[in-house]
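So you can see what is in the structure, the chains are spelled out below.
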Amino acid sequence: MDIKKLKKITDIMIANFVNKLGLDGKSYVSSNNCPIVFGDLGVFKKTLAGRFYTAKSKDLETFLELNNYSKEDQEKYLSEGMVVINDYFENNPLSKLSLITCIHERFHANRMILTNMPYSGNEDIPNFFYTEGRFIRNNDEEIDTYIDPAQEILLSSIDQSEDVINHYKDLSFEEKDDLQFANDMFGDKMSFQQAIDEALIDLMARITFEINTDKFSDIMEVAGYLSKHSKNGSYTGMSNIILRHNDLELFKWMIDPISYQNDDIHYDFFSNYITTDDLNDIKIVLESEGVHVEDEFLGDLIKKIDNKSK
């Protein structure tokens, strides 16, 4: 299977899907220029069909070194990020799985942005704590970094007032270390975000493939089919949510997260979108993604949804 052919075909499929969202598919695909290669995914070789490596990330640096890229190519790809398709597919015919995998990773890649982010000042300390019933920023330092705004940053209301920041940044390392383990809310929130994001991207990639088979007339029809017939809990749970709301806003958010986050990189679009009627399907998604969050986190989520509806 030729990587150029894989890119060309997925260009067409992705553009068609984006057009059916009412957005500009041609423009979206033209900006989707992240390099795509076949590669050895190392310890993930038997479990992942593909992976997107964020620009400047340590994971990408390790991948490039282990796969013996030249220094020149390492510098190039480190600055661009990379979609890696498991090299299992390289010597096999084009398939449904290889197409869906490539589409999935390209959706991830096209969301990567470079932005100025809060930084705790120490890689062993998270940039935010959850304490006294809210998330707080714990340092005034900032750093430029490449991120996925739907998955790699905290999406929540955050206390970033100067007096709070000054209080927590002056704590000792031991005190900060204790705070990060005082509860699981920060870790639960990040795990929740990643599970929801992966479920949505999985569903988008599957629908993108199916909508290009001419078996379905529109996105909602595919979601309806998967809701009733798929054995994948992630597909059924997320399809149910989309059908219940009867719109495509979650997919549009995945395509253009910053616009849907009201130009606030921490705005939690998903938690403000869902209702209490969606909670059972969210649990189905979390279980299918193998993610466990504490009851305290789910209770806090329910409370926020209830307050929103009042």
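Residues numbered from 1 in each chain as written. Predicted model: local features only at pLDDT ≥ 70, side-chain atom pairs only at ≥ 80, totals over all residues. Heavy atoms only, no water.

Visitor: Can you help me understand the environment of M190 in this one?
Guide: Considering the arrangement of structural elements, one finds M190 in helix 8 (residues 185-211). For the pair M190 and D295, spaced 105 residues apart in sequence, the C-alpha to C-alpha distance is 15 Å. Once residues within four sequence positions are removed from consideration, M190 is found in contact with Q151, E152, I153 and L154. (Helix = DSSP H or I, 4+ residues; strand = E, 2+ residues; numbered from the N terminus. Contact = heavy atoms within 4.5 Å.)

Visitor: What exactly am I supposed to notice about the nonpolar core here?
Guide: Grouped together as the largest cluster of nonpolar side chains are 78 residues, with contacts concentrated most on F17, F107, L200, I207, M238, L250 and F251. Ranked by residue count, the leading element in this core is helix 8, at 14 residues. In contact with I207, other than residues within four places in its own chain, are F17, I219, V222, A223, L226 and F251. Formed by 11 residues, the second largest nonpolar core is a distinct cluster that contains L41, Y53, F63 and M82. (Core = buried A, V, L, I, M, F, W, Y, C linked by side-chain atoms within 4.5 Å. Buried < 20%, exposed > 50% of the residue type's maximum accessible area, 1.4 Å probe, protein only.)

Visitor: What's the story with the environment of R111 in this structure? I'm lost.
Guide: Topologically, R111 is positioned in the loop between helix 5 (96-109) and strand 4 (113-118). Spatially, the C-alpha atoms of R111 and A150 are 8.1 Å apart, while their sequence positions differ by 39 residues. R111 has contacts with I147, D148, P149, A150, D197, I201, M254 and P257, leaving out every residue within four places of it along the chain. Here D197 takes part through its side chain, which lies 2.8 Å from a polar atom of the side chain of R111. (Polar contact = N/O pair within 3.5 Å; in protein donor to acceptor, adjacent residues only side chain to side chain.)

Visitor: What is the right way to read the sheet that holds strand 3 (residues 82-86) from this model?
Guide: Picture the strands of a sheet paired through backbone hydrogen bonds; they go either parallel or antiparallel. Strand order in the open sheet formed by 3 strands is 1-3-2, with mixed pairing between adjacent strands. Each edge of the open sheet carries a strand with a single partner, namely strand 1 (36-39) and strand 2 (50-53). Each strand of the sheet is rotated relative to its neighbour by a mean of 25°, with strand direction disregarded. Pairing between strand 2 and strand 3: 4 bridges, direction antiparallel. Considered in strand 3, the bridge of Y53 is made with M82. (Pairing = 2+ DSSP bridges. Axes fitted to C-alpha atoms, helices over the stretch in contact; angles between N-to-C directions.)

Visitor: Any chance you could explain the sheet that holds strand 8 (residues 158-159) here in plain terms?
Guide: Pairing is mixed across the open sheet formed by 3 strands, whose spatial order is 5-6-8. Looking along the sheet, the strands with just one partner apiece sit at the ends: strand 5 (128-131) and strand 8.

Visitor: Looking at this structure, I do not really get helix 5. What am I missing?
Guide: Turn by turn, an α-helix covers 3.6 residues, leaving residues three or four places apart pointing in a common direction. Taking 1.5 Å per residue as the helical rise, helix 5 with its 14 residues ought to reach 20 Å, and the 20 Å between its terminal C-alpha atoms agrees with that figure. With 12 of its 14 residues buried, helix 5 lies for the most part within the structure. By the burial criterion, the buried members of helix 5 are S98, L99, I100, T101, C102, I103, H104, E105, R106, F107, H108 and A109. (Expected span 1.5 Å × (residues − 1).)

Visitor: Would you take a moment to explain the pattern of salt bridges for this structure?
Guide: For side chains bearing opposite charge, pairing can occur when the charged atoms are close. Under the counting rule described, the total for this entry stands at 18 salt bridges. For the salt bridge of K7 with D11, the shortest nitrogen-to-oxygen distance reads 3.1 Å. In this pair, K7 and D11 are both assigned in helix 1 (residues 3-20), 4 residues apart and thus about one turn of the helix distant. Residue classification places D11 among the buried positions, given a relative accessible area of 16%. A salt bridge links E210 to K96; the nearest nitrogen and oxygen atoms lie 3.4 Å apart. (Salt bridge = Lys/Arg side-chain N within 4 Å of Asp/Glu carboxyl O.)

Visitor: It is not clear to me how the packing of helix 5 against helix 8 should be interpreted in this structure. Could you clarify?
Guide: Helix packing for two helices is described by the angle between their axes and how far apart those axes are. Contact pair helix 5 / helix 8: the axes reach a minimum separation of 9 Å and the direction vectors enclose 130°. Judged by the angle between their axes, helix 5 and helix 8 are oblique. You can see that helix 5 and helix 8 cross each other, and the crossing is right-handed. Here helix 5 contributes K96, L99, I100, I103, H104, F107 and H108 to the contact with helix 8, which in turn contributes D197, E198, I201, D202, M204, A205, R206, T208, F209 and E210. For the contact of helix 5 with helix 8, the per-class residue count stands at 8 nonpolar, 3 polar and 6 charged. (Parallel < 35°, antiparallel > 145°, perpendicular 65-115°, else oblique. Left-handed = near helix turned anticlockwise from the far one by under 90°. Nonpolar A, V, L, I, M, F, W, Y, C, P; charged D, E, K, R; others polar.)

Visitor: Explanation requested: the packing of aromatic side chains in the structure shown.
Guide: Any two aromatic rings considered together are summarised by their centre-to-centre distance and by the angle between their planes. Applying the stated rule across the entire model yields 16 aromatic pairs. Ring plane angle 25° and centroid distance 5.1 Å describe the contact between Y53 and F63, whose orientation is recorded as stacked. Highlighted residues: Y53 in strand 2 and F63 in helix 3 (residues 58-66), separated in sequence by 10 residues. When sorted by exposure, Y53 lands in the same class as F63, which is buried. Linked through ring pairs, F192, W253, Y260, F269, F270, Y273 and F297 together constitute an aromatic cluster. (Phe/Tyr/Trp six-rings, centres within 6.5 Å; stacked < 30°, edge-to-face > 60°.)

Visitor: For this particular structure, what's the right way to read the packing of helix 8 against helix 9 (residues 219-229)?
Guide: Running from N to C, helix 8 and helix 9 point in directions that differ by 115°, and their axes come no closer than 10 Å. Between helix 8 and helix 9, the crossing angle belongs to the class labelled roughly perpendicular. The hand of the helix 8/helix 9 crossing is right-handed. For the pair helix 8 and helix 9, contact is made by L203, R206, I207, E210 and I211 and by I219, V222, A223 and L226, respectively. Broken down by class, the residue content of the contact of helix 8 with helix 9 amounts to 7 nonpolar, no polar and 2 charged.

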